[in-house]
Amino acid sequence: MRVLKFGGTSVANAENISKVLNILEKESNKHTIAVVVSALGGTTDMLIETGTLATNRDEKYLNVYKQIVDRHNDAVEELIKGKAKEAVLKRINVKLEELKQILQGLYLINEFSNKTIDKILSFGELLSSYIISEAIQQTLKRSSLKDSRELIITDSTFTNAVVNTKETSNNISSFFKKNKDKIVVLPGFVSRNKDGETTTLGRGGSDYTAALIASATKATVLEIWTDVSGMYTANPKLVKQAFPIKEISYKEAMELSHFGAKVLYPPTVQPALQKNIPIHIKNTFAPNEEGTLITKKNTDKKEPVKGISHIENIALLTLEGNGMIGVPGFSKRLFSTLSRGNINVVLITQASSEHSICVGVYSTDSKKAKEIVDEEFIYEISKKKIKPLLVENNLAIVAVVGDNMKNHQGISGRMFRALGNNNVNVRAIAQGASERNISAVISHKDIKKALTALHNRFFEKQVKTLNLFIVGVGNVGGILLNQIKKQQDYLNENLLLNVKVVGISNSKKMIFNEEGIGLDCWKEQLRKGKKQSHKSFFETIKELNLSNSIFIDVTANKEVAKTYKDYLKESISVIACNKIACSSKYSDYRELKDLSRKYNASFLFETNVGAGLPVINTLNNLINSGDRITSIQAVLSGSLNFIFNNFDDNSSFHDIVKQAQEEGYTEPDPRIDLSGVDVARKILILAREAGYKLDLKDIKNQSFLPKESLEANTVDDFYKTLKAQASHFSELYKSAQKNDCQLKYVAEFNNGKASVGLKEIDKEHPFYNLKGKDNIVLFFTERYTEQPLIIKGAGAGAEVTASGLFGDIITLGRN
């Protein structure tokens, strides 16, 4: 025989009950089955509500009562056909009228005792089982209804009755030995004491009913039909990649259930476990899916971890003090005190020093725990032998569960490495000697991030998801998004990187999508986005709290640069195209580098110097490998290189600058490029990365611009000075030509000092043949003394700058 239990969602309405009927029809062709059903989904809550309202003399109880009546009558109307309908409706309404009379009594006497609660709650299962039994008989004649109260005998602890297992088992066994029907329907949850009064079995009562029947009849399997396809590797509402566990042991299932897996309530299925009856979790709404089979032994020896679960709303209680060391009895007093206060201890951990004991309890109990524990230890606290109980709220527990973890080395290492790499701080750890469960207490806000990281580590092909938040989606930012779109599949397949753009912002609007913004239509979405502010952009990223979050600044905005430290403090990595942060005061630059290390969040800014060229990365590799930079020579402005490569006898300096601006080589305000400040910022960044403490004021800027140009108030005025000073620029060109040289704007660093300025470069120098918008950097080091290490290539342009940012994203992803 098989026992099938259907929960409230499975029998919530006529449509769902029809699915149950289809399942029963197929099962009954092969097996004799006992069917245990819950109340129609939500009915139990409605019964409690109407009873409470009636007790409080609130006439709204009649409204809730009417909803109960309508739900059950609607189910009968849809499920029962022909002449039987009238009889079923008549009997249903007799029962409902009986319920109404009880409610009217509550309204008058104003007392809602546990005994009355049980009587009222029993209507849910009694009504649903009758309706489902009658619906079955429409097509399957060898079926019947049996009132569980005639089989399950309990004490008189109303709302949570204790079963007389011997008498109950005998009743069930005797009944089913005589039973000739293929299907017997029984109401779950309800029972009766020896005086014939209705009792209920408490939380998970319908599961308990089914387990008692399975145990007494020695059923071949107990099937629990619900709205999910078994026990999952993690909560699928929080971890999208979670999947059903095909087979699991009793002990593993109990561990996962204790830590939040809602499919099973461990105490209720004990009768089945004691008889080694397999429990099969199935999905009413996807009956062909395998579900999860729970058996005595774990037959899968390959996978050490079977599931990851969690408990929310935990408080950590810490009792500590020097007076505890070597003194017996503190633990006993602590746990006895908590027990007397009916406070359930969820987790225990104690250091071998005996200096402290930590226990996890539910947050709702933390205030009471603080009061009673401090009262218990008032003498020791007054003598400063121990400190008052420390309570930390807003915590959660995550647990990794598996029978075979004890046979695999390094499970805990992998667990805590995954949490650490995702900046999830662990507050306490607990592991039993069985090694079936490793638990960690973490911040409540980190639950989703922790579960995702652990699931990725133990259950998935090691694809790392990067969650990008991009500010500045103009020319360079827009091209970056296009590059990401084109390469997403390649990165996933070849580098195991899932690059997901979650947030986008320009100067006016911003949009977010935790599942990833569609990169085919991001411009249209952004136009419809909400108003942008740097603060709200940051707060949204912080609230989402996604693992591997990366903030990418593709602006030249000073205010955006000021926010970097806020992101780093939240363990959110920063990739900056913006040079302002790294070329601001040395103390600010140093702070960002220190925050990056402290909070394990990367701070990358390769495109600050040389656009997409690997200048900073190469410099860092030299330093990290033990080399020392002695001198740097570089042409670091693609715009200035373009200008001086195209300036000759046949063109005016004014026209070439105008052309450079129109073709996008200079900023909209060309004074930024021609003043040399941008180049000074770049050499400053290289000097700092080489280990030297410099500020922008320490860079000697030898400007080639005449005084009038430097003092121009507007861009238009600046262009006027270029025309007026044409002879000055012409003389610069002629002097270079006379000396058979090329004009290059050069940045130099030597012996701790840096300068930028226009130089005449002879034919023997590596800078002489530098064309177009190319950059070149020469590193002289203790290893590269005579021949420098040279990096050369395009140092300006939206495509190469975007590719440099993309390179930083990939670098971060592979770390």
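Preceding this paragraph is the structure being described.
Anyway, here's the lowdown on the structure attached to this text. (Residues numbered from 1 in each chain as written. Predicted model: local features only at pLDDT ≥ 70, side-chain atom pairs only at ≥ 80, totals over all residues. Heavy atoms only, no water.)

## Quick word on the overall build of the protein
Convention followed: Labels follow the DSSP assignment, with helices taken as runs of H or I lasting at least four residues and strands as runs of E lasting at least two, numbered in each case from the N terminus. All radius of gyration figures rest on C-alpha atoms, and the globule criterion is 2.2 Å times the number of residues raised to 0.38. Each residue's exposure class comes from its accessible area (1.4 Å probe, protein chains only) as a fraction of the maximum for that residue type: buried when under 20%, exposed when over 50%, partly exposed otherwise. We call two residues contacting when some pair of their heavy atoms lies within 4.5 Å. Only the protein chains shown count as cover for residues, and the accessible areas themselves come from Shrake-Rupley with a 1.4 Å probe.
Helices and strands together make up the secondary structure of the protein, namely 29 helices and 30 strands. Taking 815 residues into account, the globule formula puts the C-alpha radius of gyration at 28 Å, and the protein, at 37 Å, lies well above it. Over its C-alpha atoms, taken along the principal directions, the protein stretches across nearly 120 × 75 × 55 Å. Counting all 815 residues of the protein, 52% fall into the buried class. Pairs at least 24 apart in sequence give 71% of the contacts found in the protein among residues at least 6 apart. Accessible surface computed for the protein: about 37200 Å², of which carbon and sulfur atoms make up 47%.

## Description of the pattern of salt bridges
The condition that has to hold: Counted as salt bridges are all cases of a side-chain nitrogen of Lys or Arg within 4 Å of a carboxyl oxygen of Asp or Glu.
Per the stated rule, a full pass over the model turns up 36 salt bridges. Across the pair Lys85 and Glu77 runs a salt bridge, and its minimum N-O distance is 3.4 Å. Taking relative accessible area as the criterion, Lys85 reaches 21% and is therefore assigned partly exposed. For Glu77, a relative accessible area of 39% corresponds to the partly exposed category. Within this structure, Arg333, Arg340, Glu376 and Glu380 form a network of salt bridges that share partners.

## A look at the nonpolar core
This is how it is decided: By nonpolar core we mean a set of buried residues, namely Ala, Val, Leu, Ile, Met, Phe, Trp, Tyr and Cys, connected to one another through side-chain atoms within 4.5 Å.
Phe551, Tyr564, Phe653, Phe704 and Phe779 are the most contacted members of the largest nonpolar core, which totals 76 residues. Counting residues per element, this core draws most heavily on helix H25 (residues 677-689), at seven residues.

## Remarks on empty space enclosed by the protein
We count it as follows: The rule is simple: put a 1 Å grid over the protein atoms alone, call a set of points where a 1.4 Å probe fits but cannot get out a cavity, call an open set with protein on both sides within 12 Å along at least five of seven lines a pocket, and count a residue as lining if it has an atom within 4 Å of a point. Grid points are joined across faces, edges and corners, and a volume is the space filled by probe spheres set on the points. Any residue that is not Ala, Val, Leu, Ile, Met, Phe, Trp, Tyr, Cys, Pro, Asp, Glu, Lys or Arg is counted as polar, Gly included; the first ten are nonpolar and the last four charged.
One pass over the full model with this rule turns up one cavity of 30 Å³ or more. Of the volumes computed, that of the largest cavity is approximately 40 Å³. Val471, Gln532, His534, Phe537, Phe551, Val560, Thr563 and Tyr567 together form the lining of the largest cavity. Classifying every residue of the lining of the largest cavity by side-chain character gives five nonpolar, three polar and no charged.

## Brief notes about the sheet that holds strand E21 (residues 530-531)
Definition in use: Here a strand pair is declared whenever DSSP counts at least two bridges between the two strands. Note on definitions: angles span 0 to 180 degrees between N-to-C directions of axes, and those axes are lines fitted to C-alpha atoms, for helices only across the stretch in contact.
Within the open sheet, the seven strands sit side by side as E21-E20-E19-E18-E22-E23-E24. Their pairing is mixed. Both outer strands of the open sheet, E21 and strand E24 (603-604), are each paired with one neighbouring strand and no more. In this structure, strand E20 (residues 509-512) lies alongside E21, joined through two bridges in antiparallel fashion. Across the sheet, Met510 pairs through a bridge with Lys530, a residue of E21. Across the sheet, helix H15 (residues 475-495) lies against strand E18 (464-471), strand E19 (497-505) and strand E22 (549-553), angled at about 155 degrees from E19, the strand it touches most. Contacting E18, E19, E20, E21 and E22, helix H17 (residues 534-544) runs over the sheet at an angle of about 5 degrees to E20.

## As for the sheet that holds strand E10 (residues 279-283)
Across the sheet, which stays open at both edges, the eight strands sit in the order E3-E5-E2-E1-E8-E10-E11-E9 with mixed pairing between neighbours. Whereas interior strands pair on both sides, the edge strands pair on one side only; in this sheet they are strand E3 (143-145) and strand E9 (247-249). Averaged over all pairs of adjacent strands, the angle between their axes in this sheet comes to 20 degrees, without regard to strand direction. As paired elements, strand E1 (residues 2-6) and strand E8 (residues 221-226) share five bridges and run parallel to each other. From the neighbouring strand, Lys5 faces E8, where its bridge partner is Ile224. Here helix H7 (residues 205-217) sits on the sheet and contacts E1, strand E2 (33-37), strand E5 (183-187) and E8; the angle it forms with E1, its principal contact strand, is near 175 degrees.

## Overview of the packing of helix H1 (residues 14-28) against helix H3 (residues 61-79)
For the record, the criterion: Any angle between 65 and 115 degrees counts as roughly perpendicular, while under 35 counts as roughly parallel, over 145 as roughly antiparallel, and the rest as oblique. Handedness of a crossing is defined here by the sense of rotation of the near helix relative to the far one, left-handed for an anticlockwise turn of less than a right angle and right-handed for a clockwise turn.
As a packed pair, H1 and H3 sit with axes 9 Å apart at the nearest point and diverge in direction by 50 degrees. Between H1 and H3, the interaxial angle falls into the category oblique. The element H1 and its partner H3 pack so that their crossing is right-handed. Facing H1, whose interface residues are Ala14, Ile17, Ser18 and Leu21, H3 presents Ala75, Glu78 and Leu79. For the contact of H1 with H3, a count of residues per class yields five nonpolar, one polar and one charged.

## Overview of the environment of Leu317
Within the secondary structure layout, Leu317 lies in strand E12 (residues 307-320). Along the sequence, Leu317 and Ala54 sit 263 residues apart, while their C-alpha atoms lie 41 Å from each other. Not counting residues up to four positions away in its chain, the partners in contact with Leu317 are Leu338, Ile357, Cys358, Val359, Val361, Ala369, Leu389, Leu390 and Val391.

## Some remarks on the environment of Gly691
With respect to the helices and strands, the residue Gly691 is situated in the loop between H25 and strand E26 (699-702). Separated by 417 residues in sequence, Gly691 and Gln274 have C-alpha atoms that sit 68 Å apart.

## Side note on the pairing of E19
Regular strands place their side chains on alternate faces of the sheet. The condition is simple: If you view a crossover with the strands going away from you and the path from the first strand over the helix to the second runs clockwise, you call it right-handed.
Within E19, eight of the nine residues are buried, which leaves the element mostly enclosed by the surrounding structure. In this sheet, E19 lies alongside E18 in parallel orientation, the contact comprising eight bridges. The residue of E19 that forms the bridge with Ile470 is Ile504. With H15 bridging E18 and the parallel E19, this β-α-β connection has right-handed handedness. Alignment of E19 against E20, held across three bridges, turns out to be antiparallel. In the sheet register, Ser505 faces E20, and the bridge partner there is Met510.

Geometric values such as these leave the question of function open.
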